[in-house]
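Structure at a glance
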Amino acid sequence: MWKNMGLTGKIIVAMVIGIVLGLFLNYSGLNGEGSFVNTYITNGLFAIIGKLFVNSLKMLVVPLVLISLICGVCGIGDIRLLGRIGTKTFMVYMLTTALAIATAIGLGALFGIGKGMNIESEATFEAASAPPLLDVFSNIIPSNPISAMANGDMLSIIFFAILIGISILMVGKPAKGLVQSLELINEVILKMVTIIMNLAPYGVFALLAKAMSELGFELILSLLSYMAVLVGSLAFHFFVTMMIILKLFSGLSIRTFLSKMREVQIFAFSTSSSNATIPITLRTVTKRMGVNNSVASFTVPFGATINMDGTAIMQGTATIFIANIYGIDLGITEYLTVILMSVLASIGTAGVPGVGLIMLSMVFAQVGLPIEGIGLILGVDRILDMLRTAVNVGGDAAVTTIVAKSEGKMDLALYNDPNAGTKDVFDGHIDEENEREFSKVMNDGIMGSEYDDVDRRH
Ligand code: ASP
């Protein structure tokens, strides 16, 4: 049965088994500190498989973003159009993030979460510093592109790739061969994504079993109102606000969008990282939804860095919750500051696990809430991080399709085909004809007789 199941089916089954097993290990006490299961299974086997899986995704991010974006810019071909797509994408990203946080503040205030609550926590929170906004802007142009790539500085990589793309366009016709080669490299990297995706069921299982085995139920119970409002706001924003925006601005089918997004969101949920999910998001919007690479190669990595609707929602809910617990009254100016700060903070921080808390400390500092308050919600942040990352990547993909549709850069037949992009799976075999052809090329020498001449001369 497992063999005949489609990849999405396998990933969903793996996710459910991982969650159930993790909860069982947790609830039964088998995962107690120092126990065999804790040492060798959850922190041993599962941790290793999970890490290998996340690493294999991260491994592809920088090469994929660089190459696909150069190809994307060459594909657009018109620098003015590039500017228009960039501006439009930026505006929609900011707008949806502001809507997200406004929803969270509205629902948080409506339910008065944290009012009259008296919770104590031993957890302390050391605010790691977020990059100052000025640095974020000045570092967009990397002084050393190789080190930007080594550090995964997404905005710098995006800038560098766009500059290469524009320069290739300026060279024009003679660069045709180069563009064709880059497009081939892009296809090769996307094949690597396909191979890694086939390992997803095992990776997702291990990551979720480990995460669930470490949840603290007592903490969850004591923070139930915070979690419920946060999860409700996340669901409302993604399923209602974003879907209305998608329908209104693109007219595309919501059901198709949601079903094709399922896989991407499971990846985001289990890795807690929009950045690590970039290869899957990019592959899904281009191969499964028909978005042209010229748009997606820019909007997806850009969104993973600057667009974090789920994270903004967490900040709104957490602000209300902590303010109420400490009995601090926030006025309209503070709320507006929270919205502005969250939107700005999301620009400067990358989509990696736990970064939302760093951004939250910036927001708290700005409106005068005690940073130690973050210690109160720290214990449940792991699971909330998973959920908000799924919303973050959902927003990136929704805006990508909206922008692509509005620019006529979308293949609607592909979008509406439920099986688009599902056939391309890696089962450990390589097409025999391909293999034969390549071994012939290698044996004859890549350049054929020319090489033979060189050989003879030496
Ligand atoms: N983990 C989130 C992401 O990668 C960011 C966060 O909220 O911590 O999108």
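This text follows the structure it describes.
Model, not experiment: these values are computed from the prediction.

Topic: the nonpolar core
Counting 126 residues, the largest nonpolar core has Y226 and F257 as the members making the most contacts within it. Looking at this core element by element, the count peaks at 16 residues for helix α2 (residues 36–76). Residues in contact with Y226, not counting those within four places in the same chain, are I113, M314, T317, A318, F321, I377, V380 and L384. Formed by five residues, the second largest nonpolar core is a distinct cluster that contains L25, V37, A206 and A209.

What about the pattern of salt bridges?
On inspection of all chains with the given rule, the structure shows six salt bridges. Put simply, E407 and R84 hold a salt bridge, and the shortest N to O gap is 2.6 Å. Here E407 is found in the loop between α18 (381–406) and α19 (412–416), whereas its partner R84 is found in helix α3 (residues 79–111), with 323 residues between them in sequence. By relative accessible area, R84 is classed as partly exposed at 47%. As a salt-bridge pair, K287 and E187 come within 3.3 Å of each other at their nearest N and O atoms. Taken as a pair, K287 in helix α12 (residues 274–288) and E187 in helix α7 (residues 176–197) lie far apart in primary sequence, 100 residues in all. Because the salt bridges share partners, they merge into one network encompassing R84, K88 and E407.

A short note on the packing of aromatic side chains
Inspection of the entire model under this criterion finds nine aromatic pairs. When the centroid spacing of 5.4 Å and the interplanar angle of 80 degrees are considered together, the rings of F46 and F205 count as edge-to-face. Separated by 159 residues along the polypeptide, F46 in helix α2 and F205 in helix α8 (residues 200–213) bring together distant segments of the chain. Three or more aromatic residues joined by ring pairs form one cluster here, namely F90, Y93, F298 and F302. Note that K260 overlies the ring of Y415, its terminal NZ or CZ placed 5.9 Å from the centroid.

Cut-offs and rules
- Residues numbered from 1 in each chain as written.
- Predicted model: local features only at pLDDT ≥ 70, side-chain atom pairs only at ≥ 80, totals over all residues.
- Heavy atoms only, no water.
- Core = buried A, V, L, I, M, F, W, Y, C linked by side-chain atoms within 4.5 Å.
- Buried < 20%, exposed > 50% of the residue type's maximum accessible area, 1.4 Å probe, protein only.
- Helix = DSSP H or I, 4+ residues; strand = E, 2+ residues; numbered from the N terminus.
- Contact = heavy atoms within 4.5 Å.
- Salt bridge = Lys/Arg side-chain N within 4 Å of Asp/Glu carboxyl O.
- Phe/Tyr/Trp six-rings, centres within 6.5 Å; stacked < 30°, edge-to-face > 60°.
- Lys NZ or Arg CZ within 6 Å of the ring centre and 35° of its normal.

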